[in-house]
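Structural characterization, general
This is what each chain is made of:
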Amino acid sequence: SSGLSNRPFTMSNSTPATANEKKKGKGNRSPYSPSRVLHIRQIPSGVTGAEVVSLGLPFGKVTNLLMLRGKGQAFLEMASIDAAVSMVNYYTPAAAHLRNQPVYIQYSNYRELRTDNQHNQARPQAALQGGNAVQHGNLGITSALAAEGGVFPSHGSVLRIIVENVFYPVTLDILYQIFSKFGFVMKMVMFHKNNQFQALLQYADAMNAYYAKMSLDGHSIYTGCCTLHIDFSKLTNLTVKYNNDKSRDFTRSDLPFGDGQRTVETSLSTPYASQNATFPSYTGTSGFAPPLGFPQGAVGPVMVTTSAAPGHMTPGIPGSSVLLVSNLNPEAITPYGLFILFGVYGDVHRVKIMFKKRGIALVQMADAAQAQLAINYLNGQRLYGRVMHTTLSKYQTIQLPREGQEDKGLTKDYSNSPLHRFKNPCSKNFQNIFPPSATLHLSNIPPSVTVDDLKNLFTSKGSTVKGFKFFQKDCKMALIQLGSVEEAVHALIELHNHDFGENQHLRVSFSKSSI
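Cut-offs applied
- Residues numbered from 1 in each chain as written.
- Predicted model: local features only at pLDDT ≥ 70, side-chain atom pairs only at ≥ 80, totals over all residues.
- Heavy atoms only, no water.
- Helix = DSSP H or I, 4+ residues; strand = E, 2+ residues; numbered from the N terminus.
- Buried < 20%, exposed > 50% of the residue type's maximum accessible area, 1.4 Å probe, protein only.
- Contact = heavy atoms within 4.5 Å.
- Pairing = 2+ DSSP bridges.
- Axes fitted to C-alpha atoms, helices over the stretch in contact; angles between N-to-C directions.
- Core = buried A, V, L, I, M, F, W, Y, C linked by side-chain atoms within 4.5 Å.
- Parallel < 35°, antiparallel > 145°, perpendicular 65-115°, else oblique.
- Salt bridge = Lys/Arg side-chain N within 4 Å of Asp/Glu carboxyl O.
- Nonpolar A, V, L, I, M, F, W, Y, C, P; charged D, E, K, R; others polar.

**What about the overall build of the protein?**
Check the secondary structure of the protein and you find 9 helices and 24 strands. Across the 515 residues that make up the protein, the buried fraction comes to 51%. By sequence separation, contacts in the protein at least 24 residues apart represent 71% of the contacts at least 6 residues apart.

This is the structure:
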(Lines give C-alpha, C1' and ligand atoms only; values in the text may rest on other atoms or scores of the structure.)
Protein backbone atom coordinates (compact mmCIF):
# COMPACT_ATOMS: atom_id res chain seq x y z
CA SER A 1 0.00 0.00 0.00
CA SER A 2 1.25 3.49 -0.73
CA GLY A 3 -0.11 5.14 2.45
CA LEU A 4 -1.91 8.04 0.75
CA SER A 5 -2.99 10.89 3.02
CA ASN A 6 -3.33 14.67 2.71
CA ARG A 7 0.26 15.67 3.60
CA PRO A 8 2.68 16.83 0.89
CA PHE A 9 5.06 14.38 -0.78
CA THR A 10 8.16 13.79 1.39
CA MET A 11 11.07 11.42 1.59
CA SER A 12 12.67 9.60 4.47
CA ASN A 13 15.75 11.85 4.18
CA SER A 14 15.14 15.57 4.72
CA THR A 15 17.50 16.67 1.94
CA PRO A 16 15.63 17.99 -1.13
CA ALA A 17 15.01 15.32 -3.70
CA THR A 18 17.31 16.47 -6.46
CA ALA A 19 19.96 18.79 -5.03
CA ASN A 20 22.00 16.01 -3.49
CA GLU A 21 21.44 13.66 -6.43
CA LYS A 22 23.22 16.13 -8.73
CA LYS A 23 26.42 15.81 -6.72
CA LYS A 24 26.80 12.18 -7.64
CA GLY A 25 28.79 13.03 -10.74
CA LYS A 26 28.12 12.27 -14.33
CA GLY A 27 27.97 8.92 -16.02
CA ASN A 28 26.37 5.81 -14.69
CA ARG A 29 28.06 5.33 -11.34
CA SER A 30 26.19 4.48 -8.16
CA PRO A 31 28.28 5.87 -5.29
CA TYR A 32 25.55 5.39 -2.67
CA SER A 33 25.06 2.09 -0.93
CA PRO A 34 22.24 -0.06 -2.35
CA SER A 35 18.77 1.29 -1.68
CA ARG A 36 15.28 0.30 -2.72
CA VAL A 37 14.95 3.82 -4.19
CA LEU A 38 16.58 4.39 -7.57
CA HIS A 39 17.30 7.76 -9.16
CA ILE A 40 16.74 7.87 -12.94
CA ARG A 41 18.21 10.76 -14.97
CA GLN A 42 18.05 12.16 -18.51
CA ILE A 43 14.46 11.03 -19.07
CA PRO A 44 13.19 12.43 -22.40
CA SER A 45 10.29 14.86 -22.18
CA GLY A 46 6.89 13.29 -22.67
CA VAL A 47 7.84 9.96 -21.10
CA THR A 48 5.01 8.69 -18.90
CA GLY A 49 5.10 7.15 -15.46
CA ALA A 50 4.03 3.85 -17.01
CA GLU A 51 7.12 3.83 -19.20
CA VAL A 52 9.42 4.48 -16.22
CA VAL A 53 7.69 1.73 -14.22
CA SER A 54 8.18 -0.68 -17.14
CA LEU A 55 11.97 -0.46 -16.63
CA GLY A 56 11.62 -1.97 -13.17
CA LEU A 57 8.93 -4.58 -13.80
CA PRO A 58 11.17 -7.41 -15.01
CA PHE A 59 13.10 -7.25 -11.73
CA GLY A 60 10.19 -7.36 -9.28
CA LYS A 61 7.35 -5.34 -7.82
CA VAL A 62 7.56 -1.54 -8.05
CA THR A 63 6.16 0.08 -4.90
CA ASN A 64 6.43 3.83 -5.57
CA LEU A 65 7.24 6.42 -8.19
CA LEU A 66 8.01 10.15 -8.17
CA MET A 67 8.26 11.92 -11.53
CA LEU A 68 10.15 15.24 -11.59
CA ARG A 69 8.78 16.19 -14.97
CA GLY A 70 10.51 19.54 -15.43
CA LYS A 71 13.91 18.06 -14.64
CA GLY A 72 13.81 14.88 -16.72
CA GLN A 73 14.27 12.79 -13.57
CA ALA A 74 12.35 10.26 -11.53
CA PHE A 75 12.63 8.21 -8.35
CA LEU A 76 11.54 4.59 -8.55
CA GLU A 77 11.06 2.53 -5.39
CA MET A 78 11.33 -1.26 -5.66
CA ALA A 79 9.74 -3.69 -3.21
CA SER A 80 13.13 -5.07 -2.15
CA ILE A 81 16.80 -4.12 -2.17
CA ASP A 82 17.53 -7.32 -4.10
CA ALA A 83 15.25 -6.17 -6.93
CA ALA A 84 16.91 -2.73 -6.97
CA VAL A 85 20.41 -4.27 -7.00
CA SER A 86 19.44 -6.58 -9.89
CA MET A 87 18.11 -3.60 -11.83
CA VAL A 88 21.22 -1.44 -11.28
CA ASN A 89 23.56 -4.34 -12.07
CA TYR A 90 21.68 -5.03 -15.29
CA TYR A 91 21.58 -1.44 -16.55
CA THR A 92 25.10 -0.38 -15.47
CA PRO A 93 27.06 -2.01 -18.35
CA ALA A 94 24.38 -1.09 -20.92
CA ALA A 95 22.15 1.92 -20.29
CA ALA A 96 18.39 1.55 -20.19
CA HIS A 97 16.49 3.31 -22.99
CA LEU A 98 13.21 5.20 -22.99
CA ARG A 99 11.93 6.31 -26.39
CA ASN A 100 15.26 5.36 -27.93
CA GLN A 101 17.21 7.68 -25.59
CA PRO A 102 19.62 6.37 -22.91
CA VAL A 103 18.63 7.02 -19.31
CA TYR A 104 20.90 6.53 -16.30
CA ILE A 105 19.95 4.63 -13.17
CA GLN A 106 21.74 4.75 -9.82
CA TYR A 107 20.96 4.23 -6.16
CA SER A 108 19.37 7.17 -4.37
CA ASN A 109 20.54 8.25 -0.92
CA TYR A 110 16.89 7.94 0.13
CA ARG A 111 15.80 4.71 1.78
CA GLU A 112 12.13 5.02 0.80
CA LEU A 113 9.60 7.30 -0.85
CA ARG A 114 6.56 8.33 1.13
CA THR A 115 3.68 9.37 -1.08
CA ASP A 116 1.76 11.38 1.45
CA ASN A 117 -0.49 13.28 -0.92
CA GLN A 118 -2.23 12.81 -4.22
CA HIS A 119 -0.60 16.12 -5.21
CA ASN A 120 0.48 15.50 -8.81
CA GLN A 121 0.71 11.78 -8.05
CA ALA A 122 -2.50 10.35 -9.48
CA ARG A 123 -0.85 9.41 -12.74
CA PRO A 124 2.28 7.78 -11.30
CA GLN A 125 0.18 5.85 -8.80
CA ALA A 126 -2.03 4.62 -11.62
CA ALA A 127 1.05 3.59 -13.58
CA LEU A 128 2.34 1.74 -10.53
CA GLN A 129 -0.89 -0.08 -9.94
CA GLY A 130 -1.23 -1.04 -13.57
CA GLY A 131 2.35 -2.21 -13.81
CA ASN A 132 2.24 -4.29 -10.68
CA ALA A 133 -1.09 -5.73 -11.73
CA VAL A 134 0.67 -7.14 -14.76
CA GLN A 135 3.47 -8.55 -12.63
CA HIS A 136 1.34 -10.04 -9.91
CA GLY A 137 -1.85 -11.13 -11.62
CA ASN A 138 -4.14 -8.54 -10.01
CA LEU A 139 -5.69 -7.56 -13.32
CA GLY A 140 -8.80 -5.96 -11.87
CA ILE A 141 -7.14 -2.61 -11.16
CA THR A 142 -5.60 -1.97 -14.56
CA SER A 143 -8.45 0.41 -15.36
CA ALA A 144 -6.64 2.86 -13.09
CA LEU A 145 -4.27 3.37 -15.99
CA ALA A 146 -6.81 5.72 -17.50
CA ALA A 147 -5.38 8.31 -15.09
CA GLU A 148 -2.27 8.36 -17.28
CA GLY A 149 -4.25 10.63 -19.56
CA GLY A 150 -4.94 8.13 -22.30
CA VAL A 151 -1.31 7.20 -22.81
CA PHE A 152 -2.29 3.57 -23.41
CA PRO A 153 -3.52 3.06 -26.94
CA SER A 154 -6.49 0.83 -27.44
CA HIS A 155 -4.88 -2.49 -28.33
CA GLY A 156 -5.52 -6.17 -27.89
CA SER A 157 -3.64 -8.86 -26.07
CA VAL A 158 -1.90 -10.27 -29.17
CA LEU A 159 1.65 -9.22 -30.02
CA ARG A 160 3.45 -9.65 -33.34
CA ILE A 161 7.14 -10.37 -32.75
CA ILE A 162 9.83 -10.15 -35.44
CA VAL A 163 13.28 -11.49 -34.55
CA GLU A 164 16.10 -9.99 -36.59
CA ASN A 165 19.61 -11.34 -37.09
CA VAL A 166 18.74 -14.85 -35.90
CA PHE A 167 22.11 -16.46 -35.42
CA TYR A 168 21.50 -18.38 -32.21
CA PRO A 169 18.41 -20.59 -32.14
CA VAL A 170 15.12 -18.99 -31.15
CA THR A 171 12.57 -21.60 -30.16
CA LEU A 172 9.00 -21.33 -29.01
CA ASP A 173 10.14 -22.31 -25.53
CA ILE A 174 12.76 -19.55 -25.39
CA LEU A 175 10.17 -16.93 -26.39
CA TYR A 176 7.78 -18.36 -23.81
CA GLN A 177 10.34 -17.98 -21.03
CA ILE A 178 11.02 -14.36 -21.96
CA PHE A 179 7.44 -13.21 -22.44
CA SER A 180 5.91 -15.14 -19.53
CA LYS A 181 7.79 -12.75 -17.19
CA PHE A 182 5.09 -10.18 -18.03
CA GLY A 183 1.98 -12.25 -17.47
CA PHE A 184 0.22 -15.44 -18.45
CA VAL A 185 0.96 -16.42 -22.06
CA MET A 186 -2.06 -18.24 -23.47
CA LYS A 187 -1.06 -19.06 -27.04
CA MET A 188 1.94 -18.78 -29.38
CA VAL A 189 2.52 -19.40 -33.07
CA MET A 190 5.90 -19.16 -34.89
CA PHE A 191 6.39 -18.88 -38.66
CA HIS A 192 8.55 -17.40 -41.41
CA LYS A 193 7.07 -14.57 -43.48
CA ASN A 194 8.85 -12.27 -45.95
CA ASN A 195 12.03 -14.18 -45.11
CA GLN A 196 11.74 -13.08 -41.48
CA PHE A 197 11.38 -15.08 -38.30
CA GLN A 198 8.03 -14.02 -36.79
CA ALA A 199 5.76 -15.06 -33.95
CA LEU A 200 2.30 -14.18 -32.66
CA LEU A 201 1.78 -14.32 -28.91
CA GLN A 202 -1.48 -13.92 -27.01
CA TYR A 203 -1.59 -12.84 -23.36
CA ALA A 204 -4.49 -13.31 -20.98
CA ASP A 205 -4.81 -9.54 -20.68
CA ALA A 206 -4.04 -6.54 -22.90
CA MET A 207 -1.98 -4.88 -20.15
CA ASN A 208 0.39 -7.87 -20.15
CA ALA A 209 0.94 -7.23 -23.84
CA TYR A 210 1.50 -3.50 -23.28
CA TYR A 211 4.18 -3.95 -20.64
CA ALA A 212 5.93 -6.74 -22.55
CA LYS A 213 6.15 -4.48 -25.60
CA MET A 214 7.36 -1.54 -23.49
CA SER A 215 10.08 -3.59 -21.82
CA LEU A 216 11.30 -5.84 -24.64
CA ASP A 217 10.91 -3.97 -27.94
CA GLY A 218 14.35 -3.31 -29.42
CA HIS A 219 16.19 -5.59 -26.99
CA SER A 220 18.27 -8.58 -28.08
CA ILE A 221 17.77 -12.07 -26.70
CA TYR A 222 21.51 -12.76 -27.02
CA THR A 223 24.31 -10.22 -27.07
CA GLY A 224 24.46 -8.60 -30.49
CA CYS A 225 21.83 -10.73 -32.24
CA CYS A 226 18.27 -12.07 -32.15
CA THR A 227 16.82 -8.57 -31.77
CA LEU A 228 13.12 -8.30 -30.90
CA HIS A 229 10.82 -5.93 -32.80
CA ILE A 230 7.37 -5.98 -31.21
CA ASP A 231 4.06 -4.51 -32.40
CA PHE A 232 0.43 -5.01 -31.48
CA SER A 233 -1.30 -7.41 -33.84
CA LYS A 234 -4.65 -6.61 -35.43
CA LEU A 235 -5.78 -10.09 -34.42
CA THR A 236 -7.85 -10.34 -31.25
CA ASN A 237 -7.53 -14.09 -30.75
CA LEU A 238 -5.16 -16.80 -31.96
CA THR A 239 -6.47 -20.16 -33.13
CA VAL A 240 -4.02 -22.96 -32.36
CA LYS A 241 -4.73 -26.41 -33.80
CA TYR A 242 -1.55 -28.22 -32.75
CA ASN A 243 0.75 -28.27 -29.74
CA ASN A 244 4.23 -28.72 -31.19
CA ASP A 245 7.49 -26.84 -31.68
CA LYS A 246 5.85 -24.21 -33.93
CA SER A 247 2.57 -23.54 -32.11
CA ARG A 248 1.27 -23.96 -28.56
CA ASP A 249 -1.96 -23.38 -26.67
CA PHE A 250 -0.98 -23.34 -22.99
CA THR A 251 -4.62 -23.63 -21.91
CA ARG A 252 -5.09 -26.99 -23.67
CA SER A 253 -2.96 -30.07 -23.24
CA ASP A 254 -5.24 -32.24 -25.40
CA LEU A 255 -4.27 -30.84 -28.81
CA PRO A 256 -2.52 -33.20 -31.27
CA PHE A 257 1.13 -32.81 -32.25
CA GLY A 258 0.26 -32.32 -35.91
CA ASP A 259 1.00 -35.71 -37.45
CA GLY A 260 -2.05 -37.31 -35.84
CA GLN A 261 0.07 -39.56 -33.63
CA ARG A 262 1.41 -37.66 -30.67
CA THR A 263 0.10 -35.19 -28.18
CA VAL A 264 2.31 -32.84 -26.25
CA GLU A 265 3.72 -34.15 -23.02
CA THR A 266 3.36 -30.88 -21.21
CA SER A 267 3.42 -30.04 -17.55
CA LEU A 268 1.26 -26.99 -18.23
CA SER A 269 -2.04 -28.82 -18.09
CA THR A 270 -3.85 -26.10 -16.19
CA PRO A 271 -4.27 -22.60 -17.59
CA TYR A 272 -2.21 -20.81 -14.95
CA ALA A 273 0.41 -23.47 -14.32
CA SER A 274 2.90 -21.40 -16.29
CA GLN A 275 3.06 -18.95 -13.40
CA ASN A 276 4.87 -21.62 -11.39
CA ALA A 277 6.76 -23.42 -14.15
CA THR A 278 10.37 -24.07 -13.25
CA PHE A 279 13.19 -24.54 -15.73
CA PRO A 280 16.61 -26.10 -15.26
CA SER A 281 19.31 -23.46 -15.48
CA TYR A 282 20.85 -22.80 -18.89
CA THR A 283 24.43 -21.61 -18.89
CA GLY A 284 24.82 -21.18 -22.62
CA THR A 285 26.61 -23.31 -25.17
CA SER A 286 30.38 -23.27 -25.16
CA GLY A 287 31.59 -20.34 -27.21
CA PHE A 288 28.16 -18.73 -27.32
CA ALA A 289 27.34 -15.50 -25.54
CA PRO A 290 24.80 -15.96 -22.74
CA PRO A 291 21.38 -14.49 -23.48
CA LEU A 292 20.84 -10.74 -23.11
CA GLY A 293 24.38 -10.05 -22.04
CA PHE A 294 24.21 -11.66 -18.60
CA PRO A 295 27.23 -13.47 -17.21
CA GLN A 296 26.70 -17.21 -17.39
CA GLY A 297 24.42 -18.44 -14.65
CA ALA A 298 23.32 -14.91 -13.69
CA VAL A 299 19.71 -14.18 -12.87
CA GLY A 300 18.28 -11.38 -14.98
CA PRO A 301 14.96 -9.99 -16.13
CA VAL A 302 14.67 -11.90 -19.38
CA MET A 303 17.32 -14.57 -18.96
CA VAL A 304 16.70 -17.55 -21.19
CA THR A 305 17.12 -20.63 -19.07
CA THR A 306 16.89 -23.73 -21.24
CA SER A 307 15.98 -25.26 -24.54
CA ALA A 308 14.18 -28.08 -22.74
CA ALA A 309 11.14 -26.14 -21.59
CA PRO A 310 7.54 -27.31 -21.10
CA GLY A 311 6.12 -29.36 -23.92
CA HIS A 312 9.49 -29.93 -25.58
CA MET A 313 8.70 -32.74 -27.99
CA THR A 314 12.10 -33.92 -29.12
CA PRO A 315 12.92 -37.45 -27.93
CA GLY A 316 16.63 -36.61 -27.88
CA ILE A 317 18.86 -35.20 -25.20
CA PRO A 318 18.59 -31.41 -24.65
CA GLY A 319 22.02 -29.99 -25.38
CA SER A 320 22.89 -32.75 -27.84
CA SER A 321 24.64 -31.73 -31.04
CA VAL A 322 23.54 -34.84 -32.96
CA LEU A 323 20.39 -34.61 -35.10
CA LEU A 324 18.06 -37.42 -36.13
CA VAL A 325 16.86 -36.78 -39.68
CA SER A 326 14.07 -39.03 -40.98
CA ASN A 327 11.66 -39.50 -43.91
CA LEU A 328 14.52 -39.01 -46.36
CA ASN A 329 14.40 -40.28 -49.94
CA PRO A 330 16.79 -43.29 -49.86
CA GLU A 331 17.25 -43.18 -53.65
CA ALA A 332 18.56 -39.61 -53.68
CA ILE A 333 20.10 -38.78 -50.30
CA THR A 334 23.87 -38.90 -49.71
CA PRO A 335 26.08 -38.01 -46.74
CA TYR A 336 27.60 -35.18 -48.80
CA GLY A 337 24.15 -33.76 -49.61
CA LEU A 338 23.23 -33.64 -45.92
CA PHE A 339 26.65 -32.15 -45.10
CA ILE A 340 26.12 -29.28 -47.57
CA LEU A 341 22.49 -28.59 -46.61
CA PHE A 342 22.92 -28.72 -42.84
CA GLY A 343 26.20 -26.84 -43.27
CA VAL A 344 24.16 -23.72 -44.09
CA TYR A 345 23.20 -23.55 -40.38
CA GLY A 346 26.36 -24.75 -38.68
CA ASP A 347 29.55 -26.72 -39.12
CA VAL A 348 28.74 -30.39 -39.76
CA HIS A 349 31.32 -32.75 -38.28
CA ARG A 350 29.90 -36.17 -39.15
CA VAL A 351 27.01 -37.70 -41.13
CA LYS A 352 25.71 -41.26 -40.95
CA ILE A 353 22.95 -42.72 -43.13
CA MET A 354 21.54 -45.83 -41.46
CA PHE A 355 22.76 -49.00 -43.17
CA LYS A 356 19.48 -50.89 -42.91
CA LYS A 357 17.11 -47.87 -42.99
CA ARG A 358 18.38 -45.57 -45.72
CA GLY A 359 15.59 -43.05 -45.09
CA ILE A 360 17.07 -42.16 -41.68
CA ALA A 361 20.32 -40.32 -40.95
CA LEU A 362 22.30 -38.83 -38.08
CA VAL A 363 23.98 -35.43 -38.52
CA GLN A 364 26.51 -34.24 -35.93
CA MET A 365 26.86 -30.44 -35.67
CA ALA A 366 29.71 -28.53 -34.03
CA ASP A 367 27.57 -27.76 -30.96
CA ALA A 368 24.05 -27.88 -29.54
CA ALA A 369 23.09 -24.36 -30.59
CA GLN A 370 23.89 -25.06 -34.24
CA ALA A 371 21.90 -28.30 -33.98
CA GLN A 372 18.88 -26.37 -32.70
CA LEU A 373 19.30 -23.78 -35.45
CA ALA A 374 19.22 -26.54 -38.07
CA ILE A 375 16.02 -27.93 -36.52
CA ASN A 376 14.42 -24.48 -36.62
CA TYR A 377 15.09 -24.03 -40.33
CA LEU A 378 15.06 -27.54 -41.81
CA ASN A 379 12.43 -29.50 -39.90
CA GLY A 380 9.47 -29.87 -42.28
CA GLN A 381 11.47 -28.85 -45.37
CA ARG A 382 10.82 -30.80 -48.60
CA LEU A 383 13.89 -32.62 -49.89
CA TYR A 384 13.83 -34.90 -52.95
CA GLY A 385 10.05 -35.17 -52.89
CA ARG A 386 9.65 -35.92 -49.17
CA VAL A 387 9.01 -33.80 -46.08
CA MET A 388 12.10 -34.14 -43.92
CA HIS A 389 11.73 -34.52 -40.12
CA THR A 390 14.60 -33.13 -38.06
CA THR A 391 14.91 -33.47 -34.28
CA LEU A 392 17.53 -34.04 -31.58
CA SER A 393 19.01 -37.51 -31.37
CA LYS A 394 19.52 -39.59 -28.25
CA TYR A 395 23.17 -39.99 -29.29
CA GLN A 396 25.89 -37.60 -28.15
CA THR A 397 28.28 -38.43 -31.01
CA ILE A 398 28.39 -40.40 -34.28
CA GLN A 399 30.75 -43.37 -34.09
CA LEU A 400 32.92 -43.97 -37.15
CA PRO A 401 32.86 -47.55 -38.51
CA ARG A 402 35.63 -49.85 -37.33
CA GLU A 403 38.20 -51.08 -39.82
CA GLY A 404 36.75 -53.85 -41.96
CA GLN A 405 33.19 -53.04 -40.91
CA GLU A 406 30.80 -52.93 -43.88
CA ASP A 407 29.49 -49.38 -44.29
CA LYS A 408 29.25 -48.71 -48.06
CA GLY A 409 30.41 -45.13 -47.55
CA LEU A 410 27.31 -44.19 -45.53
CA THR A 411 29.30 -42.70 -42.60
CA LYS A 412 31.49 -39.67 -43.32
CA ASP A 413 33.74 -37.51 -41.15
CA TYR A 414 33.73 -33.84 -42.20
CA SER A 415 35.29 -32.42 -39.02
CA ASN A 416 38.30 -31.04 -40.96
CA SER A 417 36.40 -29.97 -44.08
CA PRO A 418 37.47 -26.67 -45.69
CA LEU A 419 33.79 -26.05 -46.53
CA HIS A 420 32.74 -25.15 -42.98
CA ARG A 421 31.05 -21.74 -43.10
CA PHE A 422 31.46 -20.80 -39.43
CA LYS A 423 35.06 -21.64 -38.55
CA ASN A 424 36.05 -17.97 -38.46
CA PRO A 425 34.27 -16.26 -35.52
CA CYS A 426 34.36 -12.93 -37.43
CA SER A 427 32.78 -14.37 -40.58
CA LYS A 428 29.92 -12.46 -42.19
CA ASN A 429 28.15 -15.81 -42.53
CA PHE A 430 26.96 -15.38 -38.93
CA GLN A 431 24.84 -12.39 -40.05
CA ASN A 432 23.48 -14.10 -43.17
CA ILE A 433 21.56 -17.12 -41.93
CA PHE A 434 18.13 -17.34 -43.56
CA PRO A 435 15.45 -20.01 -44.00
CA PRO A 436 15.38 -22.04 -47.21
CA SER A 437 14.05 -19.80 -49.99
CA ALA A 438 13.49 -19.95 -53.74
CA THR A 439 16.06 -17.16 -54.20
CA LEU A 440 19.72 -18.08 -53.78
CA HIS A 441 22.65 -15.76 -53.10
CA LEU A 442 25.67 -16.58 -55.27
CA SER A 443 29.17 -15.31 -54.51
CA ASN A 444 32.78 -15.82 -55.60
CA ILE A 445 31.71 -15.69 -59.27
CA PRO A 446 34.74 -15.37 -61.60
CA PRO A 447 34.75 -12.30 -63.93
CA SER A 448 34.69 -14.54 -66.99
CA VAL A 449 31.37 -16.19 -66.06
CA THR A 450 28.30 -14.64 -67.72
CA VAL A 451 24.60 -14.53 -66.85
CA ASP A 452 23.92 -17.22 -69.44
CA ASP A 453 26.70 -19.42 -68.05
CA LEU A 454 25.09 -19.34 -64.61
CA LYS A 455 21.54 -19.82 -65.91
CA ASN A 456 22.70 -22.82 -67.97
CA LEU A 457 24.56 -24.25 -64.99
CA PHE A 458 21.43 -24.21 -62.81
CA THR A 459 19.19 -25.45 -65.64
CA SER A 460 21.55 -28.39 -66.18
CA LYS A 461 20.83 -29.48 -62.58
CA GLY A 462 17.08 -29.51 -63.17
CA SER A 463 16.27 -25.99 -61.92
CA THR A 464 13.78 -23.60 -63.48
CA VAL A 465 15.37 -20.13 -63.52
CA LYS A 466 12.71 -17.46 -62.89
CA GLY A 467 15.00 -14.46 -62.39
CA PHE A 468 18.64 -13.40 -62.17
CA LYS A 469 20.58 -10.27 -61.34
CA PHE A 470 24.17 -9.37 -60.58
CA PHE A 471 24.89 -7.03 -57.68
CA GLN A 472 25.58 -3.54 -59.05
CA LYS A 473 28.54 -2.85 -56.79
CA ASP A 474 30.07 -6.32 -56.92
CA CYS A 475 29.87 -8.53 -60.00
CA LYS A 476 31.26 -11.43 -57.98
CA MET A 477 27.80 -11.74 -56.37
CA ALA A 478 24.33 -12.35 -57.78
CA LEU A 479 20.80 -13.46 -56.91
CA ILE A 480 19.07 -16.26 -58.79
CA GLN A 481 15.39 -17.08 -58.33
CA LEU A 482 14.30 -20.65 -58.99
CA GLY A 483 10.92 -22.31 -59.46
CA SER A 484 10.38 -23.34 -55.82
CA VAL A 485 12.04 -23.57 -52.43
CA GLU A 486 12.60 -27.31 -52.95
CA GLU A 487 14.34 -26.63 -56.28
CA ALA A 488 16.59 -24.11 -54.55
CA VAL A 489 17.47 -26.63 -51.81
CA HIS A 490 18.44 -29.20 -54.44
CA ALA A 491 20.46 -26.60 -56.39
CA LEU A 492 22.34 -25.48 -53.28
CA ILE A 493 23.31 -29.08 -52.51
CA GLU A 494 24.43 -29.66 -56.12
CA LEU A 495 26.21 -26.38 -56.81
CA HIS A 496 27.67 -25.00 -53.58
CA ASN A 497 31.45 -25.23 -54.06
CA HIS A 498 31.00 -25.81 -57.84
CA ASP A 499 34.45 -25.61 -59.47
CA PHE A 500 34.70 -23.05 -62.27
CA GLY A 501 38.37 -23.98 -62.77
CA GLU A 502 41.52 -22.14 -61.73
CA ASN A 503 40.63 -22.67 -58.04
CA GLN A 504 37.43 -20.59 -58.33
CA HIS A 505 34.59 -22.19 -56.36
CA LEU A 506 30.98 -20.94 -56.33
CA ARG A 507 29.43 -20.17 -52.94
CA VAL A 508 25.67 -20.64 -52.61
CA SER A 509 23.41 -19.52 -49.73
CA PHE A 510 19.71 -18.91 -49.17
CA SER A 511 18.73 -15.25 -49.59
CA LYS A 512 16.24 -13.10 -47.70
CA SER A 513 15.73 -11.02 -50.86
CA SER A 514 13.65 -11.72 -53.92
CA ILE A 515 14.21 -10.47 -57.47
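Further notes follow.
**Here's the deal with the sheet that holds strand S15 (residues 348-353)**
Strand order in this open sheet of 5 strands is S19-S14-S16-S15-S20, and the pairing throughout is antiparallel. The open sheet is flanked by strand S19 (389-392) and strand S20 (411-413), the only strands paired with a single partner. Adjacent strand axes in the sheet meet at a mean angle of 20°, parallel and antiparallel pairs treated alike. Both S15 and strand S16 (residues 361-365) contribute to a ladder of 5 bridges, which runs antiparallel. Considered in S16, the bridge of Ile353 is made with Ala361. Packing against the sheet, helix H6 (residues 335-342) makes contact with strand S14 (322-326), S15, S16, S19 and S20, and its axis sits at approximately 140° to S15. Against the sheet, helix H7 (residues 368-378) makes contact with S14, S16 and S19, and its axis sits at roughly 155° relative to S19, the strand it touches most.

**Comments concerning the pairing of strand S10 (residues 196-203)**
By the criterion of burial, S10 is predominantly enclosed, with 7 of the 8 residues buried. Sheet topology places strand S9 (residues 185-193) next to S10; 8 bridges connect them, and they run antiparallel. What sits directly across from Val185, in S10, is Tyr203. The turn linking S9 back onto S10 is made up of 2 residues, and Asn194 within it adopts a positive phi angle of 50°.

**Section: the nonpolar core**
Formed by 115 residues in total, the largest nonpolar core has its most connected members in Val52, Leu175, Phe179, Leu323, Phe342, Leu440 and Leu442. Setting aside chain neighbours within four positions, we find Leu323 in contact with Phe342, Ala361, Leu362, Val363, Met365, Ala371, Ala374, Ile375, Thr390, Thr391, Leu392 and Ser393. Listed in part, the 6 residues of the second largest apolar core include Val37, Leu68, Phe75 and Tyr110.

**Examining the packing of helix H1 (residues 49-56) against helix H5 (residues 206-216)**
Across the interface, H1 lies against H5 with an axial gap of 9 Å and an inter-helix angle of 75°. The orientation of H1 with respect to H5, classified from their angle, is roughly perpendicular. Counting all contacts with H1, which are made through Ala50, Glu51 and Ser54, the residues of H5 involved are Tyr210, Tyr211, Met214 and Ser215.

**Describing helix H9 (residues 485-495)**
Of all 11 residues that make up H9, 9 are buried, and the element is covered over most of its length. For H9, every residue scored as buried is listed here: Glu486, Glu487, Ala488, Val489, His490, Ala491, Leu492, Ile493 and Leu495. Looking at the buried side of H9, the elements it contacts are H6, strand S17 (382-383), strand S21 (439-443), helix H8 (451-460), strand S23 (478-482) and strand S24 (507-510). Two residues or fewer past H9, Asn497 is found with a positive phi of approximately 75°.

**Remarks on the pattern of salt bridges**
The final tally for this structure, using the stated rule, is 8 salt bridges. Close ionic contact of Glu77 with Arg36 constitutes a salt bridge, the shortest N to O distance being 3.6 Å. Of this pair, Glu77 sits in strand S4 (residues 73-78) while Arg36 sits in the loop between strand S1 (10-11) and strand S2 (37-41), and the two are 41 residues apart along the sequence.

**Topic: H6**
Counting buried residues in H6 gives 7 out of 8 residues, a clear majority hidden from the surface. Of the positions making up H6, those classed as buried are Pro335, Gly337, Leu338, Phe339, Ile340, Leu341 and Phe342.

**Regarding the sheet that holds strand S13 (residues 247-249)**
Within a sheet, each strand pairs with its neighbour through backbone hydrogen bonds, oriented either parallel or antiparallel. Taken in spatial order, the 6 strands make up an open sheet running S11-S12-S8-S10-S9-S13, and their pairing is antiparallel. A single partner strand is all that each edge strand has here, and the edge strands are strand S11 (220-222) and S13. Taken over all neighbouring pairs, the strand axes of this sheet differ in orientation by 25° on average, direction set aside. In this sheet, strand S12 (residues 225-232) lies alongside S11 in antiparallel orientation, the contact comprising 2 bridges. Looking at S12, one finds that Tyr222 is bridged to Cys225. Along the sheet face, H5 touches strand S8 (158-164), S10 and S12 and points at about 140° away from the line of S12.

**Some thoughts on the packing of H6 against H9**
Running from N to C, H6 and H9 point in directions that differ by 110°, and their axes come no closer than 9 Å. Comparing the axis directions of H6 and H9 gives the class roughly perpendicular. Between H6, through Tyr336, Gly337, Ile340 and Leu341, and H9, the contact on the second element is made entirely by Val489, Leu492 and Ile493. Tallied by class, the residues present in the contact of H6 with H9 amount to 6 nonpolar, 1 polar and no charged.

**Regarding unusual backbone geometry**
The bulk of non-glycine residues show a negative phi, and the bulk of peptide bonds are trans. Even without being a glycine, Asn165 presents a positive backbone phi close to 55°. Tracing the backbone through its elements, the reader meets Asn165 in the loop between S8 and helix H4 (172-179). For Asn165, a relative accessible area of 29% corresponds to the partly exposed category. Residues other than glycine seldom take positive phi values, yet Asn195 does so here, at roughly 60°. Tracing the backbone through its elements, the reader meets Asn195 in the loop between S9 and S10.

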